[in-house]
Protein chains: 6
Amino acid sequence: MEQKEIWLHSLQTVTPQEGYELAIKLSRMGVKSIQPDMEVLKKLRPEYANNTTGLTMASHVIAVNFQTVSAANNYWK
Amino acid sequence: MEQKEIWLHSLQTVTPQEGYELAIKLSRMGVKSIQPDMEVLKKLRPEYANNTTGLTMASHVIAVNFQTVSAANNYWK
Amino acid sequence: MEQKEIWLHSLQTVTPQEGYELAIKLSRMGVKSIQPDMEVLKKLRPEYANNTTGLTMASHVIAVNFQTVSAANNYWK
Amino acid sequence: MEQKEIWLHSLQTVTPQEGYELAIKLSRMGVKSIQPDMEVLKKLRPEYANNTTGLTMASHVIAVNFQTVSAANNYWK
Amino acid sequence: MEQKEIWLHSLQTVTPQEGYELAIKLSRMGVKSIQPDMEVLKKLRPEYANNTTGLTMASHVIAVNFQTVSAANNYWK
Amino acid sequence: MEQKEIWLHSLQTVTPQEGYELAIKLSRMGVKSIQPDMEVLKKLRPEYANNTTGLTMASHVIAVNFQTVSAANNYWK
């Protein structure tokens, strides 16, 4: 992260679905924080997008982040 | 997600069982967000539906999402 | 789930142990939601019931669901 | 579970350490709910007690159950 | 655990870092509850301390325990 | 940890993104608490930074720590 870009302004979203999309983004940023090289990430993509273990693991991370975002929005009640 | 479809309107459900079904849906949407190609997903299905590790991992993701949905509904008290 | 059966009426239970049993049921229903064929599930059973990784993973899912059920019952205080 | 034995009376404990022991018990009961045959469990024991992945996974399940027990005791404040 | 030693007096700590250290201790005690033989544990150590999967799994368990300790300290606010 | 360095002063951060960065730091400190030798860690890095399972597992740990940090900051509401 040389030039710091602001990618996370707020955990609040207008709708639950936008909250889910933010959870996906948070999950991706976790991966990018360790492997920032987008070329490497693109090469790795088929490895887990065509593999049920990889897909389930990714869905798990999104679920954990969605817990955080949902709590931050008081579950959009 | 070319044409944005609204698939998540609310985390509130009338009954706990509908909440559980929403948790299943959230888990599936996590997978679809990474692998949107339904043909690929159908091909992968037998791989984890006939494998205890895959089934237990999937049940785990549903459990995490069910935590979120249950809290959003104040546990249907 | 052709004919919808109501298997989850409430997260409230009288005792903590009944809550634990509900957590087991929730974990099983997660598996059944993906693999509804009981014959397949019976065939897979020995695979994880005789394998420590499978048993620990299953205990993990129960633990997550037990968190939900415990919170729903205000920890039976 | 033929003759029902009451093994979980309460999530409340006097001390945090007793709470931790209860978390261990909850983790074991998850395993026993799937594999109730103690002979099988004894045979499987060396498999994970001498293997770092198995030990870490087991510690993880205890940690999840300890979250539940700690919340149930208001963190023994 | 023949002679019971009190190793967990309280979940409250003065600083967040001490809380993190307590989370590490809780994670280790989970492992020790299953494999109390320190000689075995020492022999197993290189296996996971030199292996990224083992290290990440261990960091995960610490993170779960740190959630508990942080909540117990009202996040040291 | 011979000479104790204070690396965790507070769970409170000004912005959500700083909170995410703290979650990354907490995840790394978990790894360092087990393997403090930075030379070993550098050698291991390519192993998981070029491997989808390792990257997803790491993102998972960050997600768990981000839950803690987010709660500590009342979700920066």
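Residues numbered from 1 in each chain as written. Chains lettered and ligands numbered in written order. Predicted model: local features only at pLDDT ≥ 70, side-chain atom pairs only at ≥ 80, totals over all residues. Heavy atoms only, no water.

Draft legend 1. Representation of the overall build of chain A. What chain A contains, in helices and strands, is three helices and zero strands. Counting only C-alpha atoms, chain A reaches 40 × 35 × 15 Å along its principal axes. Within chain A, the fraction of its 77 residues that count as buried is 61%. Restricting to contacts in chain A with at least 6 residues of sequence separation, those with at least 24 account for 58%. As presented, chain A carries roughly 3700 Å² of accessible surface, and 54% of it is formed by carbon and sulfur atoms. (Helix = DSSP H or I, 4+ residues; strand = E, 2+ residues; numbered from the N terminus. Buried < 20%, exposed > 50% of the residue type's maximum accessible area, 1.4 Å probe, protein only. Contact = heavy atoms within 4.5 Å. Areas by Shrake-Rupley, 256 points an atom, 1.4 Å probe, with all protein chains shown as cover.)

Draft legend 2. Seen up close, the relation of the copies chain B and chain A. Placing chain B over chain A gives an RMSD of 0.0 Å and needs a rotation angle of 60 degrees, together with 0.0 Å of translation along the axis. Such a combination of turn and shift is consistent with a six-fold rotation axis. Of the C-alpha atoms belonging to chain B, the one lying closest to the rotation axis is found on Val64(B), 6.9 Å away. When you check the interface residues of chain B against chain A, a mere 18% turn up at the interface there too, and the two sides of the contact use different surfaces. (Least-squares fit on C-alpha atoms with pLDDT ≥ 70 in both.)

Draft legend 3. Region of interest: the packing of aromatic side chains. Applying the stated rule across the entire model yields 18 aromatic pairs over all chains. On the basis of an interplanar angle of 90 degrees and a centroid distance of 5.0 Å, the ring pair of Trp7(A) and Tyr20(F) is categorised as edge-to-face. One end of the pair, Trp7(A), is in the segment before helix 1 (16-34); the other, Tyr20(F), is in helix 1 (residues 16-34), on a second chain. For the pair Trp7(A) and Tyr20(F), one class covers both residues: buried. Judged by centre distance (5.1 Å) and plane angle (65 degrees), the rings of Tyr20(A) and Phe66(A) are edge-to-face. Of the two residues, Tyr20(A) sits in helix 1 while Phe66(A) sits in helix 3 (residues 52-72), which places them 46 residues apart along the sequence. On the accessibility criterion, Tyr20(A) (2% relative accessible area) is buried. (Phe/Tyr/Trp six-rings, centres within 6.5 Å; stacked < 30°, edge-to-face > 60°.)

Draft legend 4. Here's a closer look at the relation of the copies chain C and chain B. When chain C is brought onto chain B, the operation consists of a screw motion whose angular component is 60 degrees and whose axial shift is 0.0 Å, with 0.0 Å RMSD remaining. Comparing contact sets, just 18% of the residues at the interface of chain C also lie at the interface in chain B, consistent with a heterologous contact between different surfaces.

Draft legend 5. Expanded view of the interface of chain B and chain A. Opposite the 33 residues of chain B that make contact, chain A presents 28 residues. The contact between chain B and chain A buries some 2600 Å² in all, and 64% of this surface belongs to carbon and sulfur atoms. When residues of chain B are sorted by the area they lose upon contact with chain A, Ile34(B), Met57(B) and Val61(B) head the list and together hold 22% of the total. For the interface between chain B and chain A, the tally reads one salt bridge. (Buried area = accessible area lost by both parts, 1.4 Å probe. Salt bridge = Lys/Arg side-chain N within 4 Å of Asp/Glu carboxyl O.)

Draft legend 6. Expanded view of helix 1 (residues 16-34) of chain C. The end-to-end C-alpha distance of helix 1 of chain C, which contains 19 residues, comes to 28 Å, matching closely the 27 Å that a straight helix rising 1.5 Å per residue would cover. Where burial is concerned, most of helix 1 of chain C is hidden: 14 out of the 19 residues are buried. (Expected span 1.5 Å × (residues − 1).)

Draft legend 7. Up close: the interface of chain C and chain B. Taken together, the contact pairs 33 residues of chain C with 28 residues of chain B. In total, chain C and chain B occlude about 2600 Å² of area from one another, counting both sides; carbon and sulfur atoms represent 64% of this. Of the charged contacts, one joins Glu21(B) and Lys4(C) as a salt bridge, the two residues approaching to 3.5 Å between their closest N and O atoms. At the level of secondary structure, the elements contributing two or more residues to the side of chain C that touches chain B comprise helix 1, helix 2 (38-49) and helix 3 (52-72) of chain C. Looking at the side of chain C that touches chain B element by element, the count peaks at ten residues for helix 3 of chain C. Residues that form the side of chain C that touches chain B fall into these classes: 19 nonpolar, eleven polar and three charged. (Nonpolar A, V, L, I, M, F, W, Y, C, P; charged D, E, K, R; others polar.)

Draft legend 8. Representation of the packing of helix 1 of chain F against helix 3 (residues 52-72) of chain F. Residue and element names in this part refer to chain F. Where helix 1 meets helix 3, the closest approach of the two axes is 8 Å, and the angle between their N-to-C directions is 125 degrees. Judged on the interaxial angle alone, helix 3 and helix 1 are oblique. Helix 3 is crossed by helix 1, and the crossing has right-handed handedness. On the side of helix 1, the interface is formed by Pro16, Gly19, Tyr20, Leu22, Ala23, Ile24, Leu26 and Ser27, while helix 3 contributes Val61, Ile62, Asn65, Phe66 and Val69. A class-by-class count of the residues in the contact of helix 1 with helix 3 yields ten nonpolar, three polar and no charged. (Axes fitted to C-alpha atoms, helices over the stretch in contact; angles between N-to-C directions. Parallel < 35°, antiparallel > 145°, perpendicular 65-115°, else oblique. Left-handed = near helix turned anticlockwise from the far one by under 90°.)

Draft legend 9. Representation of the arrangement of the chains within the structure. Considering only C-alpha positions, the minimal separation of the non-contacting chain A and chain C is 12 Å. The closest approach of any C-alpha atom in chain B to one in chain D is 12 Å; the two make no contact.

Draft legend 10. Representation of the packing of helix 1 of chain C against helix 1 (residues 16-34) of chain D in the model. Contact geometry for helix 1 of chain C and helix 1 of chain D: axes closest at 11 Å, N-to-C directions at 55 degrees. Taken together, the axis directions place helix 1 of chain C and helix 1 of chain D in an arrangement best described as oblique. At the point where helix 1 of chain C passes helix 1 of chain D, the crossing takes the right-handed sense. Here Tyr20(C), Ile24(C) and Arg28(C) of helix 1 of chain C come into contact with helix 1 of chain D, specifically with Leu26(D), Met29(D), Gly30(D) and Ser33(D). In terms of residue class, the contact of helix 1 of chain C with helix 1 of chain D is made up of four nonpolar, two polar and one charged.

Draft legend 11. Representation of the side chain of Thr52(D) within the structure. Note on placement: Thr52(D) falls in helix 3 (residues 52-72). Exposure remark for Thr52(D): the relative accessible area of 8% places this residue in the buried category. Of the polar contacts made by the side chain of Thr52(D), one reaches the side chain of Glu47(E); its length is 3.0 Å. Here Thr52(D) is in contact with Leu44(E), Glu47(E) and Tyr48(E), once residues within four sequence places are set aside. (Polar contact = N/O pair within 3.5 Å; in protein donor to acceptor, adjacent residues only side chain to side chain.)

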